[in-house]
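Here are the chains, one letter per residue:
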Amino acid sequence: MRIFVTGATGFVGAAVVEELMRNGHEVLGLARSDEGVARLERMGAQVLRGALEDVDGLGQGARASDGVIHTGFNHDFSRFAESCALDKRAIEALGAALEGTAKPLLVTSGTALVAPGRLATEGDAPHPVIEAFPRASEHAAEALAARGVHASVVRLPPSVHGEGDHGFVPILVGTARAKGLAAYVGEGGNRWPAVHRVDAARVYRLAIERAARGARYHAVAEEGVPFRAIAEAIARRLGVPSASVSSEEAEQHFGWFARFAAIDAPAASGWTREVLGWAPEGATLLEDVDSERYFPR
């Protein structure tokens, strides 16, 4: 297949590109900068120069391909509502270009807010779109599937870890380094599901090959790693103490990240493993955290 990948130079997207090409697929990657173009060319991918804002370009890439994997998202949390609106427009543009065909579209979402406090499964509906969390990725994909587009969703856990990570774990490391303390909220028993980026990329590849409509896949290798264990691993590496903070203190310690630091969001992937024949093989989250890659000198 020839697969159009948005976010093709990102942390997850680049792993998806590599996974697709290792398994005989051609890749058309979206890139907005000279650096991104050069990186994709070095990987052996074809390049479409453009950005998520360019809905005409997105449609062009989708029509020129046999399927689409949408991993692109602007993770500037200071402009989260704007990023969510952009994401929704991009998904709608990609879906409109694929409507009337059997070409698959994979949209990226997350597990964190699906069912806080209990084990989330692929059968759980997405979190409603509200002012406090306006991301509508899954709802946009569901609307496309209702129109006959072969749109499905890959949900990623809060921690997708591995080489090049610039997500939640680096935020925790940076906070612990700046504050001189690796904190956890309360007893730290809240759970984070996790997956290595290479294992997540295989979920995307297997799902795009299956070309289902309306499916939800969980790229989850570990159902729930206790947050305290993550904090303690960071503390050992940095040589700083690890300690509990109250919910009120968490706001001061973590800032905007306090909500995520306290969330209990375990997630299962049994159905995904069964239908895709997927079995994660990469390092665990704690193995990765206890390595040099998260603690550059």
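Refer to the preceding data block for the structure.
Residues numbered from 1 in each chain as written. Predicted model: local features only at pLDDT ≥ 70, side-chain atom pairs only at ≥ 80, totals over all residues. Heavy atoms only, no water.

*Asks:* Even after reading the chapter, I still don't get the pattern of salt bridges, so can you show me in this structure?
*Replies:* Evaluation of the coordinates by the stated rule reveals 20 salt bridges. Note that Glu 82 is salt-bridged to Arg 79, the shortest N-O span being 2.4 Å. Look at Arg 79 and you get partly exposed, because its relative accessible area is 39%. Its salt-bridge partner being Glu 92, residue Lys 88 comes within 2.6 Å of it at the nearest N-O pair. With Lys 88 and Glu 92 both in helix 4 (residues 80-98), this residue pair falls four residues apart, about one helical turn. Taking relative accessible area as the criterion, Lys 88 reaches 34% and is therefore assigned partly exposed. Where salt bridges share partners, they join Glu 19, Arg 22, Arg 205 and Glu 209 into one cluster. (Salt bridge = Lys/Arg side-chain N within 4 Å of Asp/Glu carboxyl O. Buried < 20%, exposed > 50% of the residue type's maximum accessible area, 1.4 Å probe, protein only. Helix = DSSP H or I, 4+ residues; strand = E, 2+ residues; numbered from the N terminus.)

*Asks:* Help me out: how do you make sense of the packing of aromatic side chains in this one?
*Replies:* With the rule as written, the count across this model stands at twelve aromatic pairs. Pairing Phe 80 with Phe 133 gives two aromatic rings, centres 5.6 Å apart and planes at 45 degrees, and the pair type is tilted. Placement of Phe 80 in helix 4 and of Phe 133 in the loop between strand 5 (104-110) and helix 5 (137-146) is noted, with a sequence separation of 53 residues between them. The pair Phe 80 / Phe 133 is uniform in exposure class, with both members buried. Ring-pair connections join several aromatic residues into one group, and the members of that group are Phe 168, Trp 192, Phe 227, Phe 254, Trp 256, Phe 257 and Phe 260. Seen from the ring of Phe 73, Arg 135 lies directly overhead, with NZ or CZ sitting 4.0 Å from the centre. (Phe/Tyr/Trp six-rings, centres within 6.5 Å; stacked < 30°, edge-to-face > 60°. Lys NZ or Arg CZ within 6 Å of the ring centre and 35° of its normal.)

*Asks:* Would you take a moment to explain the nonpolar core for this structure?
*Replies:* What tends to happen in soluble globular proteins is that the nonpolar side chains get buried as a cluster. Formed by 37 residues in total, the largest nonpolar core has its most connected members in Leu 172, Trp 192, Ile 234, Phe 254 and Phe 257. Those elements that provide at least two residues to this core are helix 4, helix 6 (168-179), strand 8 (182-185), strand 9 (191-196), helix 8 (227-238), helix 9 (247-254), helix 10 (258-262) and helix 12 (285-289). Grouped together as the second largest cluster of nonpolar side chains are 33 residues, Val 16, Leu 40, Leu 156 and Tyr 204 included. (Core = buried A, V, L, I, M, F, W, Y, C linked by side-chain atoms within 4.5 Å.)

*Asks:* Before we go on, may I ask you to explain helix 8 in this structure?
*Replies:* Given 3.6 residues per turn, any residue in an α-helix points the same way as the ones three and four places further on. With twelve residues, helix 8 should cover 16 Å at 1.5 Å per step; its first-to-last C-alpha distance of 17 Å lies within 8% of that length. Within the sequence span of helix 8, burial applies to Phe 227, Ile 230, Ala 231, Ala 233, Ile 234 and Ala 235. Backbone geometry just downstream of helix 8 places Gly 239 in the positive-phi region, at approximately 70 degrees. (Expected span 1.5 Å × (residues − 1).)

*Asks:* Hey, could you run me through unusual backbone geometry in this one?
*Replies:* Note on backbone geometry: most residues besides glycine have negative phi, and most peptide bonds are trans. Positioned with a positive phi, Ala 211 is a non-glycine residue whose angle comes to about 55 degrees. Its place among the elements puts Ala 211 in the loop between helix 7 (197-210) and strand 10 (216-218). Given a relative accessible area of 23%, Ala 211 falls into the partly exposed group.

*Asks:* Quick question: what am I supposed to make of the environment of Ala 102 here?
*Replies:* Looking at the secondary structure, you find Ala 102 in the loop between helix 4 and strand 5. Along the chain, Ala 102 and Asp 264 lie 162 residues apart, while their C-alpha atoms are 38 Å from each other.

*Asks:* Looking at this structure, I do not really get helix 1 (residues 11-22). What am I missing?
*Replies:* Between its first and last C-alpha, helix 1 extends 17 Å over twelve residues, near the 16 Å set by a 1.5 Å rise per residue. Most of helix 1 is tucked away, with nine of its twelve residues classed as buried. Taken together, the buried positions of helix 1 are Phe 11, Val 12, Gly 13, Ala 14, Ala 15, Val 16, Val 17, Glu 19 and Leu 20. Following helix 1 by one or two positions, Gly 24 has its phi on the positive side, about 90 degrees.

*Asks:* What should I look at first to understand the environment of Glu 287 in this one?
*Replies:* Along the polypeptide, Glu 287 turns up in helix 12. In this structure the C-alpha to C-alpha distance between Glu 287 and Phe 77, which are 210 residues apart in sequence, comes to 28 Å. Among the polar contacts listed, one links the side chain of Glu 287 to the backbone nitrogen of Thr 284, at a separation of 2.9 Å. (Polar contact = N/O pair within 3.5 Å; in protein donor to acceptor, adjacent residues only side chain to side chain.)

*Asks:* Just checking my understanding: could you explain empty space enclosed by the protein for this structure?
*Replies:* To find the voids left in a structure, one rolls a probe of water-molecule size over its atoms. Tallied over the entire structure, the rule returns one cavity of 30 Å³ or more. The volume enclosed by the largest cavity comes to roughly 60 Å³. Lining the largest cavity, in full, are Leu 172, Thr 175, Ala 176, Ala 182, Ala 183, Phe 227, Ile 230, Ala 231, Ile 234, His 253 and Phe 254. For the lining of the largest cavity, the secondary structure elements donating two or more residues are helix 6, strand 8, helix 8 and helix 9. (1 Å grid on protein atoms, 1.4 Å probe; cavity = no way out; pocket = protein on both sides within 12 Å on 5 of 7 lines; lining within 4 Å. Points joined across faces, edges and corners; volume = space filled by probe spheres on them.)

*Asks:* Could you clarify how one ought to interpret the sheet that holds strand 7 (residues 159-161) in this entry?
*Replies:* Hydrogen bonding along the main chain pairs the strands of a sheet, whether they run parallel or antiparallel. One open sheet holds the three strands; their spatial order is 7-9-11, and the pairing between them is mixed. Edge positions in the sheet fall to strand 7 and strand 11 (222-226), since each of these pairs with one other strand and no more. Strand-to-strand twist of the sheet, defined as the mean angle between neighbouring strand axes without regard to direction, takes the value 40 degrees. With three bridges joining them, strand 7 and strand 9 adopt parallel strand pairing. Following the sheet pairing, Val 160 is matched in strand 9 by Val 195. (Pairing = 2+ DSSP bridges. Axes fitted to C-alpha atoms, helices over the stretch in contact; angles between N-to-C directions.)

By themselves, these observations are geometric and do not establish any function.
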